[in-house]
Amino acid sequence: MAQIPVSQIATSENPGAARNYLPALLSLAALYFMMGFITCLNDTLVPFFKNGFHLTYTRSALVQFYFFLTYGIMSVPAGRIVEKTGYKRGMVTGFLVASGGAFLFFPASVMHEYYLFLAALFILAIGIVILQVAANPYITILGPADTASSRFTLIQGVGSIGTTVAPIFGTWFILSPLGNSEASSDAVRLPYLGIAALLILIAWVVNSLRLPEIKPVGDVEKVEENRKIFSFRNLKLGVWALFFYVGAEVAIGSFLTNYIADTLSVSEQSANSYVAFYWGSMLVGRLAGSVLLKSVRPPLVLAFCAVAAMVLIGISIGTSGYLAVWTMIGVGLFNSVMFATIFSLSVNGLGKFTTQASGLLSTAIVGGAIISYGQGWLIDRFTWQVAFTLPLLCYLYIVFYGLDGYKTKPILNS
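Model, not experiment: these values are computed from the prediction.

Another point: the packing of aromatic side chains. Taken as a whole, this structure holds 33 aromatic pairs when the rule is applied. Between the aromatic rings of F65 and Y66, the centroid separation amounts to 5.5 Å while the plane-to-plane angle is 90°, which identifies the pairing as edge-to-face. Using a relative accessible area of 29% as the deciding quantity, one classes Y66 as partly exposed. Among the aromatic residues, ring-to-ring pairing joins F48, F49, F53, F105, Y114, Y115, F117 and Y192 into one connected group. Sitting over the face of the ring of Y57, K50 holds its NZ or CZ atom 4.5 Å from the ring centroid.

In structure tokens:
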């Protein structure tokens, strides 16, 4: 795919750009909050549609499948859109497309058709993909490369506020009328119309802001002209690390409500309130991680967190009751820094290839579709214990990436 020229902001050649940091950070905060809120609200839609349309776990997993499948299909085209429109217009475009998808929940609820909801989610996800592809490389170049993981983790902390609020919002405004099958579609109508209106408002505000532009700056990071994108070992292995990370995170979040309901023998509405702690622990971890990653090597933090996630999943599937529930929820704390760290390590040293790499890494988010669907299939045919071995294996690969896969070992060019 084509590339956006990469540069530094507020260098000696552009000293006035620093004054524009606040609008940029505010726009990124709004962007990540809404991305987190909308994406995490899907975790409420999985049990909601499962009961409302009497679905199997496999069919209910189509919510996440079609949402995250968009990353595999649209990340490269989204990169081209951002290249042509620029960061700010790309972000505005993303918000407007996402608002269109949210609005389509209205006709889908009127017709009460599951596959219309999936189509609406697909369009909503296209907007999220455009936002993600525009924002991720922008964050990594707003400062020194060695603090990119810390900076990325901090801004993702704002997104974690959205993911923490979403389960609470979903419990009260979507799952509360779950017992009435006739009202099942009506319950999502007003919430998603409100989301559509809010996205349009944010698009209008962002469009009126003056944001720092990304412009070419001499030879900030020289990379050989004839080097191919996949000759970067850290990127090639990082794409798979991000695929498995997003897959594990989404798979756990998607079925956590049902897992808790079955484990504690409570209703989905009661169980969904626990999901806020899963995402809330990610908020705590990201705020702490933004400080920790300034003094501890990111690859070591990544490997440690992946091992901790594996241990907690192992304890959860090997026990029962509240211990099983809280250890699974605790995985969120160690998930907190993984996305930002994997992304930053993957683009480290890529120079002009950074934006192209961002599109490839965003494509890897399709792991949220594949892994969550696979886990739903396993739940239908086996047990929760068997199903949760799938994300456990995903974390095993991330351990490898944190210990060795991130290293930029030289690869001979042909």
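In this section: the side chain of T257. Structurally, T257 can be placed in helix α8 (residues 233-264). The exposure class assigned to T257 is buried, which follows from its relative accessible area of 0%. Excluding anything up to four places from it in sequence, T257 contacts D43, P47, E268, A271, N272 and V275.

Across all of its chains, the model carries three salt bridges by this definition. We note a salt bridge from R189 to D186, for which the minimum N-O separation is 2.7 Å. Of this pair, R189 and D186 both sit in helix α7 (residues 186-208), separated by three residues, roughly a single helical turn. Several salt bridges converge on common partners, so that one network encompasses R233, D404 and K407.

Turning next to unusual backbone geometry. The residue H54 is not glycine, and still its phi comes out positive at about 55°. Counting through the fold element by element, H54 comes out in the loop between α1 (21-52) and α2 (57-60). Positive phi is not limited to glycine here, since S265 has a value of about 55°. With respect to the element layout, S265 can be found in the loop between α8 and α9 (268-292). Classification of S265 as exposed rests on a relative accessible area of 65%.

Here the focus is α7. Look at α7: 35 Å from first C-alpha to last across 23 residues, which is about the 33 Å you get at 1.5 Å a residue. Taken together, the buried positions of α7 are occupied by A187, V188, P191, Y192, I195, A196, L199, I202, A203 and V206.

Moving on to the confidence of the model for the chain. With 84% of its residues at a pLDDT of at least 70, the chain reaches an overall mean of 82. Between the elements of the chain, mean pLDDT differs from a low of 78, seen in helix α6 (residues 148-175), to a high of 96, seen in helix α10 (residues 298-318). In the model, residues 1-19 has pLDDT below 50 throughout and makes 44 contacts with residues more than four positions away in sequence or in other chains. The low-confidence segment residues 215-226, where pLDDT is below 50, has 20 contacts with residues more than four positions distant or belonging to other chains.

Attention shifts here to the nonpolar core. In terms of nonpolar packing, the biggest core is built from 138 residues, with F95, Y192 and Y395 touching the most fellow members. If near-sequence neighbours (up to four positions away) are discounted, F95 is found in contact with A30, L31, M34, L131, L199, I202, A203 and V206.

Inspection of the secondary structure puts A387 in helix α15 (residues 384-387). By relative accessible area, which is 0% here, A387 ends up buried. Residues A387 and W377, 10 residues apart in the sequence, show an inter-C-alpha distance of 8.3 Å. Beyond its immediate sequence surroundings of up to four residues, A387 is in contact with Q375, L378 and I379.

Definitions and limits used
- Residues numbered from 1 in each chain as written.
- Predicted model: local features only at pLDDT ≥ 70, side-chain atom pairs only at ≥ 80, totals over all residues.
- Heavy atoms only, no water.
- Phe/Tyr/Trp six-rings, centres within 6.5 Å; stacked < 30°, edge-to-face > 60°.
- Buried < 20%, exposed > 50% of the residue type's maximum accessible area, 1.4 Å probe, protein only.
- Lys NZ or Arg CZ within 6 Å of the ring centre and 35° of its normal.
- Helix = DSSP H or I, 4+ residues; strand = E, 2+ residues; numbered from the N terminus.
- Contact = heavy atoms within 4.5 Å.
- Salt bridge = Lys/Arg side-chain N within 4 Å of Asp/Glu carboxyl O.
- Expected span 1.5 Å × (residues − 1).
- pLDDT = per-residue confidence, 0-100.
- Core = buried A, V, L, I, M, F, W, Y, C linked by side-chain atoms within 4.5 Å.

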